[in-house]
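Structural characterization, general
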Amino acid sequence: MERIKNSKTINLIAIILIIVLGIIITYNLENYMDVLLWDEARYLDRGLWLWHAYPKNSSPLYSVWYKILSLFNDNRVELYYLNFKVLSITTAVLAYLFLIVYRTPKSIAFFFASMWLYSAYNLPVWPKVSHFAIILFFIATIAVNYISSKVDQLLVFSAALLLASFARPELYVAFVLFVIFSIIYIYTYKIKISKGNAYPILAFILLFCVIYFLYKTPFTSGDTSRGSFAFVQHFAHNYAIWTKEHFVFWYEWPEILQKCFPPPYNLKNIILNTESYFWKHVFFNLSELGKNIVTIFASILLPIEFVCSKKIFFITSVLALVFIIYKSKFNNIKNRFIQHHLLVFFLLIGIIPVVLSSIYAYPRMHYMVMLFPTSLFIIAMLFDKIELKNDAYFILIIFCLFAVFAAKSKDFKYFDMFGSNKGRMNQKTIQYLEKKYKNDSIKILDVEGGLSTMMTQNFTSINPNQIFQDSSIHFSDVISKEQPDIIYVTPILLRLKKIKSDTVFQKMLLKPENYNYFRQKTSIFGVYLFEHKATQ
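Please read all numbers here as calculations on a predicted model, not as lab measurements.

A short note on the overall build of the chain
- Regarding its fold elements, the chain presents 25 helices and five strands.
- Out of the 536 residues belonging to the chain, those deemed buried represent 55%.
- When contacts within the chain are restricted to residue pairs at least 6 apart in sequence, long-range pairs at least 24 apart make up 74% of them.
- Counting only carbon and sulfur atoms, one obtains 64% of the accessible surface of the chain, whose full area is about 24900 Å².

Here it is in structure tokens:
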């Protein structure tokens, strides 16, 4: 009894130390990382509007998460950073608990959970929706450890995949596959469904019916177009790498599509075209996927992306890892996998859609985050027992070394579409506009992903996509028609070919006062606003 009590105390201390490490790492994150808009900002915006317009597509459950988090802080910019911090730390804590419940020695569990805090696949990754999905994965894998019934375990895993699919839509494929696997598993091993399973089965059916009533499926709720859009954007991204051309691939992909494929532009025609780039795209993605898989394993063992310049951290981490390996007994690995075979199937089926998406579109880092639970489990299963008299001392030593010598927020390079976030241009622009126009109704024209999604309700964005959907429309035409109060001039805007060829807007860049606008700089990174004189 005393041993169990001591074990729980050590676990509690380890969790507290992981949280402290996370706080140290993420402290002042808002001073080093800009607000990147697009997907993450839209999830946040839909979350804050939850009671007024319930989202039915684009990861609705993740928007619900934002609504819950907004109860603690509803300032959009601060909520954005809070979410990054909470998800990065929570996944590390759950990673520790996950390893502990599957009998991984505490010192090893603490080491790998700490390593995840510093991984390139954790804090710097945008968007954060995959972190939310793996939290559901971890909760399910921890929960089933305390459930003896195989039927109930299968139900918990199925429910986790179902819920996660409304954060990452492709996981609905994994949900369907796992339900089929569960039926085959029950039939093959002749597992009897007892009266005790009745309530869990009814609860699962009710959960499915409620979700289906609210959302249908991720493939019938408006998310299907995201798959084709992901392909064309990432094909353009790969094309830019192959040809070393400079263009804004997430906007200018139609031009690349026209260069490489004959009309009509549908997936069937693209695949069947004998002169197609499609298979080059697929094999290139396979190569990148392999590199990413190696990298994510390496980042769990030793994340050197941000801390390799800190020699003491590097040396102590390597020594700690070598010591763990030296003290471990590498036996009965096969038996450990067999013992947890349902968990293995759950993890493997769960990553099938992610791998397919990576091959079909591109192995982006936030896709690769979904591989973390599987990678962590494989690494943990390689270790059996470690001969340490007191795990607590080892955990405390690791914590002290990492806390003093490890990376901080400033060491992480945040995902950024134009190569530099030093000026925190979006963050500073949002703060400037909200302070200056507290009560005025302001229309903003930008190509950064909808600046107003991170601002108060008196700001609205003008959709710029019309200039890319119609070749005859110029940026200056949109300005003339919409009469925006604010035009957000950024490096991305100036890189667009349609902007370079827009003679009217080029003149406006030189002398905005001739068009009833004046220039207002908001960041050190060559970013400024055109504010309409009528707003003064």
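Side note on the packing of aromatic side chains
- By the definition in use, this model includes 40 aromatic pairs.
- Between F178 and F181, the ring centres sit 5.4 Å apart and the planes meet at 45°, which makes this aromatic pair tilted. Of the two residues, F178 and F181 both sit in helix α8 (residues 171-188), three residues apart, roughly one turn of that helix. When sorted by exposure, F178 lands in the same class as F181, which is buried.
- Put simply, the rings of F231, F235, Y239, W242, F261, Y277, F278, W279, F284 and Y360 pair up and form one aromatic cluster.

Some words on the nonpolar core
- Residues Y80 and F110 are the most contacted members of the largest nonpolar core, which totals 172 residues.
- Top element by residues in this core is helix α4 (residues 76-101). It accounts for 16 residues.
- In this structure, F110 is in contact with A14, L17, I18, L21, Y96, I395, I398 and F399, ignoring residues within four places of it in sequence.

Topic: the side chain of E170
- Residue position: E170 is located in the loop between α7 (150-164) and α8.
- Since its relative accessible area comes to 14%, E170 is described here as buried.
- Among the polar contacts listed, one links the side chain of E170 to the side chain of R168, at a separation of 2.7 Å.
- In contact with E170, not counting residues within four places along its chain, are F219, P353 and S357.

Quick word on the pattern of salt bridges
- In this structure the tally under the stated criterion is six salt bridges.
- The partner of E30 in a salt bridge is K85, and the shortest N-O contact between them spans 3.2 Å. Of this pair, E30 sits in the loop between α1 (2-26) and α2 (38-48) while K85 sits in helix α4, and the two are 55 residues apart along the sequence.

Description of the packing of α2 against α4
- Interhelical geometry of α2 versus α4 gives an angle of 115° and a closest axis separation of 11 Å. When the axes of α2 and α4 are compared, the pair comes out roughly perpendicular. Crossing angle aside, the handedness with which α2 passes α4 is right-handed. Each of E40, L44, D45 and L48 in α2 lies in contact with α4, whose residues at this interface are R76, L79, Y80, N83 and F84.
- Of the residues contributing to the contact of α2 with α4, the split by class is five nonpolar, one polar and three charged.

Concerning a nonpolar patch on the surface
- On the surface, V173, V176, L177, I180, I184, F219, I352 and L356 cluster together into a nonpolar patch covering about 630 Å² of accessible area.
- Elements with a minimum of two residues in the nonpolar patch: α8 and α16 (341-360).
- If you tally residues by element for the nonpolar patch, the top one is α8, at five residues.
- Classification of L356 as exposed rests on a relative accessible area of 51%.

Thoughts on the packing of helix α22 (residues 475-482) against helix α25 (residues 503-510)
- Look at α22 against α25: their axes get within 7 Å of each other, and the N-to-C directions meet at 75°. Put simply, α22 runs roughly perpendicular to α25. Mapping the contact onto sequence places F475, S476 and I479 in α22 and V504, F505 and M508 in α25.
- Within the contact of α22 with α25, the residues separate by chemical class into five nonpolar, one polar and no charged.

Examining helix α11 (residues 249-260)
- Taking 1.5 Å per residue, 12 residues should reach 16 Å; α11 reaches only 14 Å between its end C-alpha atoms and comes up short.
- Those residues of α11 that fall on the buried side of the exposure criterion are F249, W250, Y251, E252, W253, I256, L257 and C260.

What to know about the environment of I352
- Along the chain, I352 turns up in helix α16.
- A relative accessible area of 35% places I352 in the partly exposed class.
- For the pair I352 and E170, spaced 182 residues apart in sequence, the C-alpha to C-alpha distance is 9.3 Å.

Brief notes about the confidence of the model for the chain
- Per-chain confidence: the chain averages 85 in pLDDT, with 85% of residues scoring 70 or above.
- Looking at the elements of the chain, mean pLDDT is at its lowest for strand β5 (residues 528-532), recorded as 64, and at its highest for helix α6 (residues 129-144), recorded as 97.

What to know about α16
- When the terminal C-alpha atoms of α16 are compared, their 29 Å separation across 20 residues agrees well with the 28 Å that a helix rising 1.5 Å per residue should span.
- The largest bend in α16 is about 30°, located at I352, with the proline P353 one to four residues further on.

As for unusual backbone geometry
- Look at the link from W126 to P127: it is a cis peptide, with omega at -10°.
- Locating P127 in the fold gives a position in the loop between α5 (106-118) and α6.
- Positive phi, normally seen in glycine, also occurs at K244, with a value near 60°.
- Checked against the element boundaries, K244 lands in the loop between α10 (224-243) and α11.

Looking at the environment of F346
- Mapped onto the elements, F346 comes out in helix α16.
- When its relative accessible area of 0% is taken as the criterion, F346 is described as buried.
- Through-space distance from the C-alpha of F346 to that of A160 is 9.9 Å; in sequence the pair is 186 residues apart.
- Among residues more than four places away in sequence, those in contact with F346 are F137, T141, F157, A160, L161 and F178.

Re the environment of V504
- You can see V504 is positioned in helix α25.
- We classify V504 as partly exposed; its relative accessible area is 38%.
- On a C-alpha basis, the gap between V504 and F475 in space is 8.8 Å, while along the polypeptide they are 29 residues apart.
- Residues in contact with V504, not counting those within four places in the same chain, are S476 and Y515.

About the criteria used
- Residues numbered from 1 in each chain as written.
- Predicted model: local features only at pLDDT ≥ 70, side-chain atom pairs only at ≥ 80, totals over all residues.
- Heavy atoms only, no water.
- Helix = DSSP H or I, 4+ residues; strand = E, 2+ residues; numbered from the N terminus.
- Buried < 20%, exposed > 50% of the residue type's maximum accessible area, 1.4 Å probe, protein only.
- Contact = heavy atoms within 4.5 Å.
- Areas by Shrake-Rupley, 256 points an atom, 1.4 Å probe, with all protein chains shown as cover.
- Phe/Tyr/Trp six-rings, centres within 6.5 Å; stacked < 30°, edge-to-face > 60°.
- Core = buried A, V, L, I, M, F, W, Y, C linked by side-chain atoms within 4.5 Å.
- Polar contact = N/O pair within 3.5 Å; in protein donor to acceptor, adjacent residues only side chain to side chain.
- Salt bridge = Lys/Arg side-chain N within 4 Å of Asp/Glu carboxyl O.
- Axes fitted to C-alpha atoms, helices over the stretch in contact; angles between N-to-C directions.
- Parallel < 35°, antiparallel > 145°, perpendicular 65-115°, else oblique.
- Left-handed = near helix turned anticlockwise from the far one by under 90°.
- Nonpolar A, V, L, I, M, F, W, Y, C, P; charged D, E, K, R; others polar.
- Patch = residues over 30% accessible without salt bridge, like charges linked within 9 Å, V, L, I, M, F, W, Y side chains within 5 Å.
- Expected span 1.5 Å × (residues − 1).
- pLDDT = per-residue confidence, 0-100.
- Bend = angle between axes of the 7 residues up to and from the residue.

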